[in-house]
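What follows is each chain in one-letter form.
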Amino acid sequence: MKAREAAQMAPRFRILSPKRNKLLQTGWEGFFPYYAGFPEVFARELLQSAELPNGAVILDPWNGSGTTTYAASGLGLSSIGIDLNPVMIIVARARLLPPTEADHLRPLAATILSHAYSTPPILDPNEALLGWFKPSTAAFIRGIEQNIRRSLVGNMTKSPDGIHLDKISGTAATLYVALFAACRKLVAPFRSSNPTWLRVPKETDARVAATKAKVAQYFAANVRDMSGALAATLDADLRIANPPRAGECEISLSDTASMKLRKGSVDFVLTSPPYCTRIDYTAATRIELAVLGPLLTISARALGKQMIGSTQVPSTLIEVDESWGKTCARFLRALRKHPSKASGGYYYRTHLDYFHKMSRSIERMSHALKPGGHAVLVIQDSYYKDIHNDLPEIISEIGVTHGLSLKQRKNFHLRSMSDINPGRRSYERPSGATEAVLCFVK
Ligand SMILES: C[S@@+](CC[C@H](N)C(=O)[O-])C[C@H]1O[C@@H](n2cnc3c(N)ncnc32)[C@H](O)[C@@H]1O
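Residues numbered from 1 in each chain as written. Predicted model: local features only at pLDDT ≥ 70, side-chain atom pairs only at ≥ 80, totals over all residues. Heavy atoms only, no water.

Describe the nonpolar core, listing the residues and the values that go with them.
Ranked by size, the top nonpolar core spans 63 residues in total, and within it I90, F133, I144, I148, Y176, F180 and F219 carry the most contacts. Elements represented by at least two residues in this core include exactly α4 (86-94), α5 (102-118), α6 (135-152), α7 (170-186), α8 (212-239) and α9 (286-291). Here this core takes 11 residues from α7, the largest share from any one element. Every residue in contact with I148, bar those within four places of it in the chain, is listed here: I112, V153, A172, L175, Y176, L179 and F219. Core analysis: the second largest hydrophobic core is formed by 40 residues, L59, F331, I394 and I398 among them. (Core = buried A, V, L, I, M, F, W, Y, C linked by side-chain atoms within 4.5 Å. Buried < 20%, exposed > 50% of the residue type's maximum accessible area, 1.4 Å probe, protein only. Helix = DSSP H or I, 4+ residues; strand = E, 2+ residues; numbered from the N terminus. Contact = heavy atoms within 4.5 Å.)

Outline the packing of α5 against α7, supporting the account with residue identities and numerical values.
One can describe the packing of α5 onto α7 by two numbers: an axis separation of 11 Å at closest approach and a directional angle of 65°. In the crossing of α5 with α7, the sense of the turn from one axis to the other is right-handed. Only T171, T174 and L175 of α7 make contact with α5, whose side of the interface consists of L105, L108, A109 and I112. Among the residues forming the contact of α5 with α7, the class breakdown is 5 nonpolar, 2 polar and no charged. (Axes fitted to C-alpha atoms, helices over the stretch in contact; angles between N-to-C directions. Left-handed = near helix turned anticlockwise from the far one by under 90°. Nonpolar A, V, L, I, M, F, W, Y, C, P; charged D, E, K, R; others polar.)

Can you explain the sheet that holds strand β1 (residues 57-60)? Please cite residues and give values.
Think of a sheet as strands paired side by side through backbone hydrogen bonds, with each pair either parallel or antiparallel. Spatially, 7 strands are ordered β5-β2-β1-β6-β7-β11-β10 in an open sheet, and the strand pairing comes out mixed. In this open sheet, the two strands that pair with only one neighbour each are β5 (249-253) and β10 (405-414). When the angles between neighbouring strand axes are averaged without regard to direction, this sheet yields 15°. With respect to the sheet, helix α12 (residues 343-368) is in contact with β1, β6 (266-271) and β7 (369-380), its orientation differing from that of β7 by roughly 145°. (Pairing = 2+ DSSP bridges.)

Quick rundown of the pattern of salt bridges? Include the residues and the values.
Evaluation of the coordinates by the stated rule reveals 11 salt bridges. Among the ionic pairs, E127 bridges to R142, the shortest N-O distance being 2.6 Å. Here R142 lies in helix α6 and E127 lies in the loop between α5 and α6, a separation of 15 residues in the sequence. When sorted by exposure, E127 lands in the same class as R142, which is buried. One salt-bridge network, in which partners are shared between bridges, spans E127, R142, E145 and R149. (Salt bridge = Lys/Arg side-chain N within 4 Å of Asp/Glu carboxyl O.)

Can you break down the state of the cysteines residue by residue, with the values?
Scanning all chains against the criterion turns up 0 disulfides. Of all cysteine sulfurs in the structure, the one in C328 sits closest to C276, which takes part in no disulfide; the separation is 8.5 Å. (Disulfide = S-S within 2.5 Å.)

Any details on α6? Residues and values, ideally.
End to end, α6 covers 25 Å across 18 residues, agreeing with the expected 26 Å (1.5 Å per residue, within 8%). Counting buried positions along α6 yields 14 of 18 residues, so the element is predominantly enclosed. (Expected span 1.5 Å × (residues − 1).)

Any details on the side chain of T67? Residues and values, ideally.
Along the polypeptide, T67 turns up in helix α3 (residues 67-74). Of note is the side chain of T67, whose polar atom sits 3.5 Å from the backbone oxygen of F38. In terms of polar contacts, T67 uses its side chain to reach the side chain of R95, at 3.2 Å. Residues in contact with T67, not counting those within four places in the same chain, are F38, P39, E40, A43 and R95. (Polar contact = N/O pair within 3.5 Å; in protein donor to acceptor, adjacent residues only side chain to side chain.)

The structure is reproduced here in structure tokens:
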């Protein structure tokens, strides 16, 4: 059968709202409530309705907290999840821990805590945790982290060029997530109403002082609850006569703008790319990156620069590329001419960087997709001052440039993150945003 015929015969997908919903954050989703993620039920229903053949491979090039890889694995499908942020690699791997491991988590955490009490580490003066915590608190947190690393980050993860986070075991990843969540709770005073923002304290600000007992209590409570949530999924599986075997999953720490996936090796893509709303994806995970400090080979700043949607000005000059399509060209012209401060300078250049990286990534994603394969992308529009950044339309046009055609589109209205920004009120524009689910076929 030709690719075109196969595409025409493909089922229409069941598309639920991709909007994050607190009520849907049950079990695992509640431990790392990633503001940028879509709900598991959205991913599961969509993948199920795609009626994929046995052996099909699912790709999420912007896998974030691993919703796609988790849903695919639960349906017995093979999957590949890519993300550039090491924190998200850990979270996505933790979500894949088999429920049969639930019982081991609490004794392991107890051993790790007892070692952390008995052998406190000597802190490096450049210790990133000192940015938020008093030295004694930072030292105890580092002690827990060091013990997770020493006892659970095995040889598989070590290579001459450092530690391969993408090979970390599900158990180690789960204990890291429990420590992330404990730290997030402790630094709550530095959070603002914007969920993506964790303030870096000023030199003069008081750092968080928490007793060892309090840190240990938060960590242990998270492990207990995570183990409970995991055990509950095992109970649910036992109630089904033939639960599917978990699908193979590869979680990979890489940059989509340069990822090297084999041509035609992927059957289905389900993803939500970084938005073009000046969300700094690394700033949102600052405290987790501080916890992971000894495992990182790149500074948080350098990582932020590499991200799609970076707020840092690119070091090379980027020109508008015609292949980004007419909607993008129109938006960039309006942005460059906008009278407000820095529109034609800083903002223009960071937007060029966004579209440049996005186009390269979609090209690579399309290269990896089989002829007749589908790619479903969740994309949110936004406003720059009063100029509409119709990202769903722009991505549709970039997709066409790289050999994809749009088959189905469904829009959802949401309250947008930028509504929180008080500055928005001085410009005429509708409130909220449109989240579009775009279904392409190759
Ligand atoms: C909208 S979020 C994806 C959320 C995901 N669907 C979930 O359910 O958690 C976009 C992700 O893209 C990642 N990202 C940004 N730039 C990237 C790049 N150049 N390569 C790979 N991942 C990148 C960010 O770290 C972020 O986790």
